[in-house]
Amino acid sequence: MEHIVSFLSDYLPRENHFVVEIAGITYPDKNYHIRRPDSPVYCLEYIMSGKGWVHCGGETFYPREGDVYLLPVQTDQDYGADAQEPFQKIWMNVRGTLCDRLYEEYGFRGVYHFKDCPLYPLFREFLTLCEQAKGWESNLERRGSLLFHEILMNLSDYTERKKRDLLSERKNPAEKARKQLDGLVYETVHIGEVARGVGLSPSQLTRVFQREYGMTPYAYFLSRKLALAQNLLRNSSLPIREIADRLQFTDEHYFSALFRQKTGVSPGAYRRGANGEVEKEFSGITER
């Protein structure tokens, strides 16, 4: 089942500039399959839920919720829904000289799949514009081309950011380890596991991490836990025992003793002094 908005090919005064042929929403259907040999259109789709498969340009990939794919003109576009978890997607098929120029300008040749791109609002706005276009076709060309451009601009930014992050992590395993630790602040972490995740031994990781951030990975991880504890003490009414439990400290007494050691005040005193009289903001520590 699909919700579709389609247009005649000659609805715009500048037919070859930016043309929306069809747009819509595809609802979950395990039998959904589209094959478009030597496609005359750019197929741009956002996966709202579920997952599917795509063959294009000699590549096969499997987009899922939150992903975008862009299939260019003059390619064999072959795609469908996953049989077990069929996707729901919002999409557009467009063509025109503006599309060609933007596609080349942003260097998307050979790049089809963009993971975790939060672009649903732009796709939804584009479809709404199509739904309301009757009698306002010139507005669809003007505003639609701007939205298409904005989506491509976001995809380009996403691609460049991913490249920079990957290059940075390859050059700097300490940064990669730091990001892992930031994502595990509510858990108990063994530094050996983090070290393996960045391809180093624990001693190597400790050395490069301390050189980069001025503290060991363990000290940094502890600093993030205590900074989060301060946030919870300031901005929630959670009991100290529950804060200690959420942050995976052994028990409330250990947490309180460590908090006092590192900040100079107990958790209770910190909370009572949130007006600044005894509050000491926690930004980082070194091991003692």
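Residues numbered from 1 in each chain as written. Predicted model: local features only at pLDDT ≥ 70, side-chain atom pairs only at ≥ 80, totals over all residues. Heavy atoms only, no water.

1. Topic: the environment of Ala83
On the secondary structure map, Ala83 appears in the loop between β8 (77–81) and β9 (88–95). Along the sequence, Ala83 and Pro28 sit 55 residues apart, while their C-alpha atoms lie 9.7 Å from each other. (Helix = DSSP H or I, 4+ residues; strand = E, 2+ residues; numbered from the N terminus.)

2. What about the pairing of strand β4 (residues 42–49)?
In terms of burial, β4 is a largely internal element, six of the eight residues being buried. Taken together, the seven bridges between β4 and β9 define a ladder with antiparallel strand orientation. Bridging across to β9, Leu44 finds its partner in Met92. Sheet analysis places β4 next to strand β7 (residues 68–71), joined by four bridges and oriented antiparallel. Note that in β7 the partner of Leu44 across the bridge is Leu70. (Buried < 20%, exposed > 50% of the residue type's maximum accessible area, 1.4 Å probe, protein only. Pairing = 2+ DSSP bridges.)

3. Notes on the sheet that holds β7
Taken together, six strands build an open sheet; the order of strands is β1-β2-β9-β4-β7-β10 and the sheet is antiparallel. Of all strands in the sheet, those bounded by a partner on one side alone are β1 (2–6) and β10 (113–114). On top of the sheet, helix α1 (residues 97–105) reaches β4, β7 and β9; it is set at about 70 degrees to β4, its chief contact. Sitting on the sheet, helix α2 (residues 120–131) touches β1, β2 (19–26), β4, β7 and β9, and the angle it makes with β2 is about 115 degrees. (Contact = heavy atoms within 4.5 Å. Axes fitted to C-alpha atoms, helices over the stretch in contact; angles between N-to-C directions.)

4. Observations concerning the sheet that holds β8
As summarised here, the arrangement of the four strands in space is β3-β8-β5-β6, forming an open sheet in which the pairing is antiparallel. Two strands in the sheet have a free side with no partner beyond their single neighbour: β3 (33–36) and β6 (59–61). Neighbour to neighbour, the strand axes of the sheet diverge by 5 degrees on average, direction disregarded. Pairing geometry for strand β5 (residues 52–56) and β6, over three bridges, is antiparallel.

5. Overview of the confidence of the model for the chain
Averaged over every residue, the pLDDT of the chain is 87; residues scoring 70 or more account for 88%. When pLDDT is averaged over each helix and strand of the chain, the minimum, 80, is found for helix α3 (residues 137–171) and the maximum, 97, for β4. (pLDDT = per-residue confidence, 0-100.)

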